[in-house]
Amino acid sequence: MKILSLNVGRAKPVPYTDAPSGATGIDKRPVEGPVRVAAPGAQGSGMAGDDVCDIRMHGGDDRAVYAFAREDLDRWEHELGRPLPNGTFGENLTTIGVDLNDVLVGERWRVGPEVVLEVTGGRIPCRTFAGWLAEKGWVRRFTQSGSSGAMLRVIEPGELRTGDAIEVVHRPEHDVTVARLFRAVTTERAELPKMLVAAPWMESEQLSYVRNHMAKYHDGP
């Protein structure tokens, strides 16, 4: 399990985003590194040199870094019939050897000698992502695939390099995987009450969604 590519993007104005700025940093490109990684606070990316333009959907401490698996990019390459270089899905880390669908919300990774990251949930597809990929029905297709990649918070800052090993150093005692949480907040809402066991680690927007849904439908506290 390791980092295959470190990817950052600079803000660019585009016609297909509804971000208030009218710009996006989704066009991530591989960089040589080392790249400094740290908790960004209320907004921004955890990766040095990376721009976050829509803080409603991206960035902040709960979504400081986004990882997507090379294996899933390869599957999409076959399905879409087009090359998808590392970073194409807007990911900061292109991983290899990690099944990001099965990682637990709250799982911690040591990446390289310094950095510790914690899984907070999956990526919810948005209009900007759809416009960037320019594939018909992309939000629906990506959602139905169930492979969302993983959002991460920074527990211990430091520098990352391409090729850094990923070591799982902690797994919480629940069964909420990134894939289960992603399905619950998108297509399998009856599962939402079961997600609360992962509340201490879940990214704030998805946790708020779970709690609001439960309050509305009286599914729990």
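Now for a description of the structure that goes with this document. (Residues numbered from 1 in each chain as written. Predicted model: local features only at pLDDT ≥ 70, side-chain atom pairs only at ≥ 80, totals over all residues. Heavy atoms only, no water.)

What follows covers unusual backbone geometry. Peptide bonds are trans in most cases, and residues, glycine excluded, mostly fall at negative phi. Notably, A134 is not glycine yet its phi reads approximately 55°, a positive angle. As for its placement among the helices and strands, A134 is situated in the loop between α2 (127-133) and α3 (138-145). (Helix = DSSP H or I, 4+ residues; strand = E, 2+ residues; numbered from the N terminus.)

Any aromatic ring pair is given by two values, namely how distant the centres are and how the planes are angled relative to each other. On inspection of all chains with the given rule, the structure shows eleven aromatic pairs. On the basis of an interplanar angle of 50° and a centroid distance of 6.4 Å, the ring pair of Y66 and F68 is categorised as tilted. For F68, a relative accessible area of 0% gives the class buried. A centroid spacing of 5.9 Å and a plane angle of 45° characterise the contact between W138 and F142, whose relative ring orientation is tilted. Taken together, the positions of W138 and F142, both in helix α3 and four residues apart, correspond to about one turn of that helix. Judged on exposure class, the residue W138 and its partner F142 are both buried. (Phe/Tyr/Trp six-rings, centres within 6.5 Å; stacked < 30°, edge-to-face > 60°. Buried < 20%, exposed > 50% of the residue type's maximum accessible area, 1.4 Å probe, protein only.)

Quick look at the pattern of salt bridges now. Evaluated as defined, the whole model comprises 21 salt bridges. Across the salt bridge formed by R63 and E203, the nearest N and O atoms sit 4.0 Å from each other. Of the two residues, R63 sits in the loop between β5 (35-37) and β6 (65-69) while E203 sits in the loop between α4 (178-186) and α5 (204-217), which places them 140 residues apart along the sequence. You can call R63 buried: its relative accessible area is 11%. For E77, the salt bridge is made with R70, and the minimal N-O distance between the two is 3.4 Å. (Salt bridge = Lys/Arg side-chain N within 4 Å of Asp/Glu carboxyl O.)

Its location among the elements puts V154 in strand β10 (residues 150-156). Once the C-alpha coordinates of V154 and T120 are considered, the two residues, 34 residues apart in sequence, prove to be 10 Å apart. Look past the residues within four positions of V154 in its chain and what remains in contact with it is V37, A38, A39, D61, A64, V65, V116 and L117. (Contact = heavy atoms within 4.5 Å.)

Moving on: the side chain of N86. Among the structural elements, N86 can be located in the loop between α1 (70-80) and β7 (93-96). One polar contact links N86 to R70, side chain to side chain, over a distance of 2.8 Å. Residues within four places of N86 in sequence aside, it is in contact with L4, S5, N7, K28, P30, R70, L73, E91 and T94. (Polar contact = N/O pair within 3.5 Å; in protein donor to acceptor, adjacent residues only side chain to side chain.)

Turning next to the packing of α1 against α3. Where α1 contacts α3, the axes come no closer than 13 Å and their chain directions differ by 130°. Taken as axis vectors, α1 and α3 run oblique relative to one another. Taken as a pair, α1 and α3 cross one another with a handedness that is right-handed. Along the contact surface, α1 presents R75, W76, E79 and L80, while α3 presents W138, R141, F142 and S145. Here the residues of the contact of α1 with α3 are counted per class, giving four nonpolar, one polar and three charged. (Axes fitted to C-alpha atoms, helices over the stretch in contact; angles between N-to-C directions. Parallel < 35°, antiparallel > 145°, perpendicular 65-115°, else oblique. Left-handed = near helix turned anticlockwise from the far one by under 90°. Nonpolar A, V, L, I, M, F, W, Y, C, P; charged D, E, K, R; others polar.)

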